[in-house]
Amino acid sequence: MTDAIRSRLQGLVIFAKSKEKVSAFYQQTLNLNVQESEKSHDLLVGDGQEVVIHAISKRYADSIEIASPPEPRDESALKPSFVVDDLARVRAAVKQTGGYLKPLKQAWRFRGMIVLDGWDPEGNIVQFKQPDPEA
């Protein structure tokens, strides 16, 4: 990847109790590649975007309980939104990595996209948008 392309990547940092689980979720749902992996973080890079999964300190992580299955963190001030090629592929990746995607009947159409919310293995809300073939 050239420096010119790297400088234009849109990015997001997600703090995680389980860096490995959350990293696997975003790798698979967004087709991102691990560009760098350290004990403290994974740098995931793909088509015009990068996502950093940053491990939170063990002291703080020990105070966080993640339900099984994870419950959505509805009170977060942010909801990242990602364009994907195929919501069915995302659904399979979500299921495999411990997250959740709402049923397709709950999707809505907006600005040429089919939009569907879900959450990662720690309950962080995320939105996926697929181009609408009927638009």
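That block above? That's the structure.
The rules behind each value
- Residues numbered from 1 in each chain as written.
- Predicted model: local features only at pLDDT ≥ 70, side-chain atom pairs only at ≥ 80, totals over all residues.
- Heavy atoms only, no water.
- Pairing = 2+ DSSP bridges.
- Helix = DSSP H or I, 4+ residues; strand = E, 2+ residues; numbered from the N terminus.
- Axes fitted to C-alpha atoms, helices over the stretch in contact; angles between N-to-C directions.
- Salt bridge = Lys/Arg side-chain N within 4 Å of Asp/Glu carboxyl O.
- Buried < 20%, exposed > 50% of the residue type's maximum accessible area, 1.4 Å probe, protein only.
- Core = buried A, V, L, I, M, F, W, Y, C linked by side-chain atoms within 4.5 Å.
- Contact = heavy atoms within 4.5 Å.
- Expected span 1.5 Å × (residues − 1).
- Arc of directions from axis to C-beta.
- Phe/Tyr/Trp six-rings, centres within 6.5 Å; stacked < 30°, edge-to-face > 60°.

**Considerations on the sheet that holds strand β1 (residues 10-16)**
Right, on to step 1. On the basis of which strands lie adjacent, the open sheet formed by four strands has the order β1-β4-β3-β2 and mixed pairing. Each edge of the sheet is formed by a strand with only one pairing partner; in this case those strands are β1 and β2 (33-37). The average undirected angle you get between the axes of adjacent strands in this sheet is 20°.
Right, on to step 2. Sheet topology note: the β2/strand β3 (residues 41-46) ladder contains four bridges and is antiparallel. What sits directly across from Val 34, in β3, is Leu 44.

**Re the pattern of salt bridges**
Right, on to step 1. The tally for this structure, following the rule as stated, stands at five salt bridges.
Right, on to step 2. A salt bridge links Lys 58 to Asp 62, with the nearest nitrogen and oxygen atoms 3.1 Å apart. Pair check on accessibility: Lys 58 and Asp 62 agree, each one exposed.
Right, on to step 3. A salt bridge links Asp 117 to Lys 79; the shortest N-O distance between them is 2.8 Å. Taken together, the residues Asp 117 in strand β8 (residues 113-119) and Lys 79 in the loop between α3 (58-61) and β5 (81-83) connect sequence positions 38 residues apart.
Right, on to step 4. With relative accessibility at 41%, the residue Lys 79 sits in the partly exposed group.

**What about the nonpolar core?**
Right, on to step 1. Residues Tyr 26, Leu 30, Val 51, Ile 53 and Phe 128 are the most contacted members of the largest nonpolar core, which totals 20 residues.
Right, on to step 2. Counting residues per element, the ones that place at least two in this core are β1, α2 (19-30), β4 (49-55), α4 (87-97), β8 and β9 (125-131).
Right, on to step 3. No other element matches α2, which puts four residues into this core.
Right, on to step 4. For Val 51, the residues in contact, after removing those within four places along its chain, are Leu 12, Ile 14, Leu 30, Leu 32, Asp 42, Leu 43, Leu 44 and Phe 82.

**A short note on α2**
Right, on to step 1. With 12 residues, α2 extends 16 Å between its outermost C-alpha atoms, agreeing within 8% with the 16 Å of an ideal straight helix rising 1.5 Å per residue.
Right, on to step 2. Turning to α2, its buried residues are Lys 19, Val 22, Ser 23, Phe 25, Tyr 26, Thr 29 and Leu 30. Each buried residue of α2 lies within a common arc of 155° when the element is viewed along its axis, so the set occupies one face. Opposite its buried face, α2 presents the exposed residues Glu 20 and Lys 21, each directed more than 90 degrees away.
Right, on to step 3. Backbone geometry just downstream of α2 places Asn 31 in the positive-phi region, at approximately 55°.

**A word on the packing of aromatic side chains**
Right, on to step 1. Enumeration over the complete set of coordinates arrives at three aromatic pairs.
Right, on to step 2. Each ring, one from Phe 25 and one from Tyr 26, has its centre 4.8 Å from the other, and the planes form 80°; the classification is edge-to-face.
Right, on to step 3. For the ring pair Tyr 100 and Trp 119, a centre distance of 4.5 Å and an interplane angle of 25° mean the geometry is stacked. Here the residue Tyr 100 occupies a position in strand β6 (residues 100-101), and Trp 119 occupies one in strand β8, the gap between them amounting to 19 residues.
Right, on to step 4. Put simply, the rings of Phe 25, Tyr 26 and Phe 128 pair up and form one aromatic cluster.

**Notes on the pairing of β3**
Right, on to step 1. For β3, the tally of buried residues reaches six of six residues, placing the bulk of the element in the interior.
Right, on to step 2. As consecutive antiparallel partners, β2 and β3 are separated by three residues.
Right, on to step 3. Between β3 and β4, which pair antiparallel one after the other, the connecting turn spans two residues, and Gly 48 there sits at a positive phi close to 75°.

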